[in-house]
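So the chains spell out like this:
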Amino acid sequence: MKLLNLQRRMARAVMTPLTHSERMRTVAPDGRSMRAVASQIIKPNDRLTSFERLEIYNRQYWFRVLSAFAEDFPGVRAVLGGRRFDAMAKAYLIDCPSQSFTLRNLGSRLVSWLQKHPSRAGERQNLAVDMARLEWADIEAFDGLREPSLKPEDLAGVNPAKLRLRSQPYISLLALRYPVDDLLLEVRKDSDDLDVASNAFNERHKRKRVGAVAKLNPSAIFLAVHRLDEDVYFRRLDREEFAILSALQAGKPLSAAIESALRGSLIAVADRAAHVEKWFHTWAALGWFCRLEKSPKNEKAASRQ
Amino acid sequence: MPANRFNGHTDYGIGIGLRSPHYHHILTRKPVVDWFEIISENFMIDGGRPLRILDQILEQYKVVQHGVSMYFGSAERPNREHLRRLKTLVQRSKTPWLSDHLCWGSVDGRYTHDLLPMPYTFEAARSTAQKIREVRDFIEIPVAVENVSSYAEFHVSEMTEWEFLNEVAERADCGILLDVNNIYVSSQNHSFDPFTYVNSVPAERVAQIHIAGHSKYRRYILDTHDHPVIDPVWKLYARAIERVGHTATLLEWDDSIPSFDEVHDEALKANRFLASASLAAAV
């Protein structure tokens, strides 16, 4: 048997879902006999059959990916409850096996997958999607690239009508329906407190909190998931603040981004300039914008002043 | 060998794996440690705390990179993004050599994140050696391949595991990271004499040695890296050192990780064997 063929057959077997009792299936979902697959490629020994030897790898695969996935999404687990989360995780990992050399990227397709499979989250689908978006943004913020930050002097003589600001690659801007930022912090606190409180108490508390949030009427919250001094933070944003940052991320020039964000705003016209100034001051202090690229667009913007 | 072309002509002593539960201890207490081994994939990222900690470690300690997902034995060609990130980290860590496993774990772009055993065939040896050469040519430092623990053997195998390791190392002209715990685990699972394995490895290619603990079940042994090293593994280590000389040695402890001092003390037990090797070399 050729190397590639053998590896395809074994990988397919190893990634075949386990039974409910976490053993290797005797018949794969596509009708293959797993005993036959095992005995065709793997030798038995005096203690284990071919099937049992293959099963060691089959179980290790699922234990590894499920535990890595659960570690990355404790918030989604709290929203769905343990049993539903486990079923969802298995279904997700069957549809979206790892395509990366690092387990860090295991959940990269969870948000879009959950949106396509609403039944996996039941009545709490919107809440689960919001939480998945937040937890994935958290992963991205944790180890995303930080470029040199924009300095005030970089902006000297630049025409705002042409200026295109780029936010740091580690920042995610999220428009959410539920206050999942508070909920996730509570879930994490519960996990941290496990040493001092019983597991049962924490599970009850978590269920109660999730239930309370799920009962809230959906109302938009705007969030920037960012990093400061290597810690990840969730920062609530005003609607207009979020709109400006989103427009800038989409590549709009500064003036156009501000103009479109403030169109229809409830902020009094007289107060808008002060708001914009305050927001930019905060964003600059947090280092959210990257230094200007020496792109023809920005060069031209500067030279016309 | 103490220093050879497969470990960048370095003469490292006893190291331990750099693991997150020990970061605070290491950065605040600054214990004396010969070197740390890092899991490359944990630092093949664009930014954030892990890289900041690595930079702080690099200010004080020697670091060697050990990978878990290059999959030299996978039939597919190396992933270019993986190689690019690996090289960036090599330039940052200044690792004198780089190791990864003699195994496979991905096919058709899907990753199992496991160290799956190789079929010991000449075709696999040729393909694996070619991939090791490609990786080494790209990252431009010596590469050592590590023997893995295994729980299965293939019908198609044409040679023993140690013959396969030697065949690959010769064809790739690469170093060997000899994991004596893995040899022990596989010897128990496949009923061979572990000393035959250790005695068959080309001593001049050994760049580094791994020691570790494992978990024993009724019908097989799992390589779990969550226990101290057991005596039969120390005996294999002693024999390996007797053959290859005073070689960079690393204790792996990846699960149920005890205190830094406990891990380091366990690693330092290797000194008694290294000391006798040094003595023998001096006589």
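Not measured: the values here are computed from a predicted model. (Residues numbered from 1 in each chain as written. Chains lettered and ligands numbered in written order. Predicted model: local features only at pLDDT ≥ 70, side-chain atom pairs only at ≥ 80, totals over all residues. Heavy atoms only, no water.)

1. Overview of the overall build of chain A
Counting its secondary structure elements, chain A contains 13 helices and three strands. Against the compact-globule benchmark of 19 Å for 305 residues, chain A has a radius of gyration of 25 Å, which places it well outside the compact range. Each of the three principal axes of chain A carries a C-alpha extent, and together these read 80 × 50 × 35 Å. Of the contacts made within chain A by residues no fewer than 6 positions apart, 68% connect residues no fewer than 24 positions apart. On chain A, roughly 15,500 Å² of surface is accessible, and the fraction owed to carbon and sulfur atoms is 52%. Separation between the mean location of the 50 positive side-chain charges and that of the 37 negative ones in chain A comes to 8 Å. (Helix = DSSP H or I, 4+ residues; strand = E, 2+ residues; numbered from the N terminus. Rg over C-alpha atoms; globule rule 2.2 N^0.38 Å. Contact = heavy atoms within 4.5 Å. Areas by Shrake-Rupley, 256 points an atom, 1.4 Å probe, with all protein chains shown as cover. Lys, Arg positive; Asp, Glu negative; His and termini not counted. Charge placed at Lys NZ, Arg CZ, Asp CG, Glu CD.)

2. A look at the interface of chain A and chain B
At the junction of the two partners, chain A supplies 42 residues and chain B supplies 48 residues. Taking both partners together, chain A and chain B bury about 4,200 Å²; carbon and sulfur atoms supply 58% of that area. Looking only at chain A, the three residues that lose the most surface to chain B are L3(A), Y57(A) and F101(A), adding up to 20% of its buried area. In this assembly, chain A and chain B are joined by seven salt bridges. The residue R52(B) makes a salt bridge to D229(A) at a minimum N-O spacing of 2.9 Å. Linking chain A with chain B are 30 residue pairs in polar contact (both at pLDDT 80 or more), by the criterion used here. Contributions of two or more residues to the side of chain A that touches chain B are made by α1 (3-14), α2 (34-41), α3 (50-72) and α7 (125-143) of chain A. A class-by-class count of the residues in the side of chain A that touches chain B yields 19 nonpolar, ten polar and 13 charged. (Buried area = accessible area lost by both parts, 1.4 Å probe. Salt bridge = Lys/Arg side-chain N within 4 Å of Asp/Glu carboxyl O. Polar contact = N/O pair within 3.5 Å; in protein donor to acceptor, adjacent residues only side chain to side chain. Nonpolar A, V, L, I, M, F, W, Y, C, P; charged D, E, K, R; others polar.)

3. Considering the sheet that holds strand β2 (residues 221-228) of chain A
All names here are of chain A. Strands sit in the order β1-β2-β3 across an open sheet of three strands; the sheet is antiparallel. The strands lining the two open edges of the sheet, one partner per strand, are β1 (172-176) and β3 (231-237). Between one strand axis and the next, the sheet turns by 25° as a mean value, whatever way the strands run. Here five bridges tie β1 to β2, and the two strands are oriented antiparallel to one another. Residue S172 lies in a different strand from β2, and its bridge partner there is V225. (Pairing = 2+ DSSP bridges. Axes fitted to C-alpha atoms, helices over the stretch in contact; angles between N-to-C directions.)

4. Observations concerning the packing of α2(A) against α3(A)
Residue and element names in this part refer to chain A. At a minimum axis distance of 8 Å, the contact between α2 and α3 shows a crossing angle of 95°. Between α2 and α3, the angle falls in the class roughly perpendicular. Residues M34, R35, A38 and S39 of α2 lie in contact with α3, whose contacting residues are S50, F51 and L54. The residue inventory of the contact of α2 with α3, partitioned by class, reads four nonpolar, two polar and one charged. (Parallel < 35°, antiparallel > 145°, perpendicular 65-115°, else oblique.)

5. Section: the nonpolar core
Counting 155 residues, the largest nonpolar core has M10(A), F69(A), M88(A), F36(B) and Y237(B) as the members making the most contacts within it. Both domain 1 (1-65) and domain 2 (149-178 + 218-305) of chain A contribute no fewer than three residues apiece to this core. Setting aside its immediate chain neighbours within four residues, M88(A) contacts F69(A), V76(A), L80(A), L110(A), W113(A), L114(A) and R120(A). (Core = buried A, V, L, I, M, F, W, Y, C linked by side-chain atoms within 4.5 Å. Buried < 20%, exposed > 50% of the residue type's maximum accessible area, 1.4 Å probe, protein only. Domains from an automatic or database assignment.)

6. Focus on unusual backbone geometry
Residue and element names in this part refer to chain B. Despite not being glycine, H9 has its phi angle at roughly 55°, a positive value. Relative to the elements of secondary structure, H9 occurs in the segment before β1 (14-17). One non-glycine residue, H225, lies in the positive phi region at around 55°. In this fold, H225 is placed in the loop between β11 (221-222) and α9 (231-244).

7. Section: the packing of aromatic side chains
Taken as a whole, this structure holds 23 aromatic pairs over all chains when the rule is applied. Arranged with centres 5.4 Å apart and planes meeting at 45°, the rings of Y57(A) and Y151(B) form a pair that is tilted. Of this pair, Y57(A) sits in helix α3 while Y151(B) sits in the loop between β7 (143-146) and α6 (161-172), placing the two residues on different chains. What makes Y57(A) buried here is its relative accessible area of 0%. Arranged with centres 5.9 Å apart and planes meeting at 80°, the rings of W283(A) and F289(A) form a pair that is edge-to-face. Residue W283(A) shares its accessibility class with F289(A), and that shared class is buried. (Phe/Tyr/Trp six-rings, centres within 6.5 Å; stacked < 30°, edge-to-face > 60°.)

8. With respect to the domain arrangement of chain A
How big an interface is tends to be expressed through the accessible area that disappears when the partners come together. Entries for chain A in the domain assignment read domain 1 (1-65) and domain 2 (149-178 + 218-305). Of note, the centres of domain 1 of chain A and domain 2 of chain A, computed from C-alpha atoms alone, are 52 Å apart.

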